[in-house]
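A structural walkthrough
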Amino acid sequence: MKRFLFKSFLFSVPTMILLVSIELFITFSPNTLLFKSKFFKNNINSIEVLVLGSSHHQNAIDPSYIDLKTSNLAYGAQDITLDSSLFFTYKDKLSNLKILVLEYDYLTFNKKKEPDYFRLSWYYRFYGIEPYPISTLKKASMYASSPVFFNNFIEERLFSNNYDYEYNDSGFIKNDFPGVFESLNYDLDKIEQGSIMRVEKINNGLPIDNYEHNMAKLTSIINYCSDRNIIVVLSKTPSCLNDEINPNGESIKLMQAYLDKITQSNDIFVLDMSTDIVFNIKDFKDYTHLNSDGAKKCSQLFNDYLNNTLKTNKLD
């Protein structure tokens, strides 16, 4: 029996080594979550501006252009539930926080990830948060969260001529240019055609199912900040969609009603950069996401806004 167990152990060793190697490779390969979480945790006591939100903020606000010490924890498909969990998990350690930047648009106010969302275990790994229960297996293994995704990830990293992204100290990508517009060679006719189709799709399918859940989370964050004199900025990043989203849609009405309410009763600032004329087509990687050139412009505008509007009046 001992001999059998010993042989079984020897047989399993290569498999265990392979699994551990895969997990380490996934965890420590250069990636935005890794670098952002390290910067955030290493500087948490000195952070003055915290940016949350989805890929719109992730691609738009580069902390290296902000005068105040800034950490951008926005990430692709990150919803208000994840924003809330990040904020309330670390609020007591953010001893120098002056400004919290949250995202607002028709999707932010209504989207909500399901409890089985595969990236939840990533947030557990890098930030230690668990807004929904995560299985023991997925806590122990990021690979287990989505084998298909990570198989493609590993293949691209090891066997493809993958684009080499560069990161600054805060985890922001410095050369984020590949995207739909680059693949279209910034052809204005093709981009215009795609824009019309995208707007039509949005106008025909704006959800409202998660509005109340998200507004409860958002209100809780705002009330906490208001009680502690932390300034809240609701930010809408640049977009190059050629038409406005349907202003008569129920989702838009609910969002505007909420904005009207909180800006009357709280010390809340709303910054809408969605149609700023300083941005041109080559500042975008797709219809609603900036590339690195656009991020530089946006971050400098945002920094000017903080300095001229907030810092002068509220932080001196």
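Before any of the text, the structure's been laid out above.
Just so it is clear, the model here is predicted, and its values are computed rather than measured.

**A closer look at helix H4 (residues 80-90)**
Across the eleven residues that make up H4, a large majority, nine, are buried. Among the residues of H4, Ile80, Thr81, Leu82, Asp83, Ser84, Ser85, Leu86, Phe87 and Tyr90 are the ones counted as buried. Where H4 is buried, its residues contact helix H2 (32-42), strand E1 (49-51), strand E3 (99-103), helix H5 (120-127) and helix H10 (211-227).

**A short note on the pairing of E3**
Looking along a regular strand, one sees side chains alternate from face to face of the sheet. Of all five residues in E3, five are buried; the element is thus mostly enclosed. The two faces of E3 match: Ile99, Val101 and Glu103 on one face and Leu100 and Leu102 on the other face are all buried. Sheet topology places E1 next to E3; three bridges connect them, and they run parallel. Paired with Val51 across the two strands is Val101, which belongs to E3. Pairing geometry for E3 and strand E4 (residues 231-236), over five bridges, is parallel. Residue pairing across strands places Leu102 opposite Leu234, the latter belonging to E4.

**Topic: the pattern of salt bridges**
Enumeration over the complete set of coordinates arrives at five salt bridges. Among the salt bridges present, the one from Glu48 reaches Lys98, with a minimum N-O distance of 3.2 Å. With Glu48 in the loop between H2 and E1 and Lys98 in the loop between H4 and E3, this residue pair connects regions lying 50 residues apart in the sequence. On the basis of relative accessible area, Glu48 is assigned to the buried category, the value being 16%. Residue Lys98 is classed as partly exposed on the basis of its relative accessible area of 23%.

Conventions we followed
- Here, residues in each chain are numbered from 1, in the same order as that chain's written sequence.
- Local features in a predicted model are, by the rule used here, given only for residues with pLDDT of at least 70; side-chain atom pairs are given and counted only at 80 or more, and totals for whole chains, interfaces and linings are based on all residues.
- As a convention, hydrogens and water are excluded, and side-chain values are obtained from all of the structure's heavy atoms.
- Burial status follows relative accessibility: with a 1.4 Å probe on protein chains alone, a residue under 20% of its type maximum counts as buried, one over 50% as exposed, and anything between as partly exposed.
- The helix and strand labels rest on DSSP assignments: H or I over at least four residues marks a helix, E over at least two residues marks a strand, and numbering proceeds from the N terminus.
- Any two residues having at least one pair of non-hydrogen atoms within 4.5 Å are treated as being in contact.
- Strand pairing is assigned whenever DSSP detects at least two bridges linking the two strands.
- Throughout this description, the term salt bridge denotes a Lys or Arg side-chain nitrogen within 4 Å of a carboxyl oxygen of Asp or Glu.

The analysis is restricted to geometry; functional conclusions fall outside its scope.
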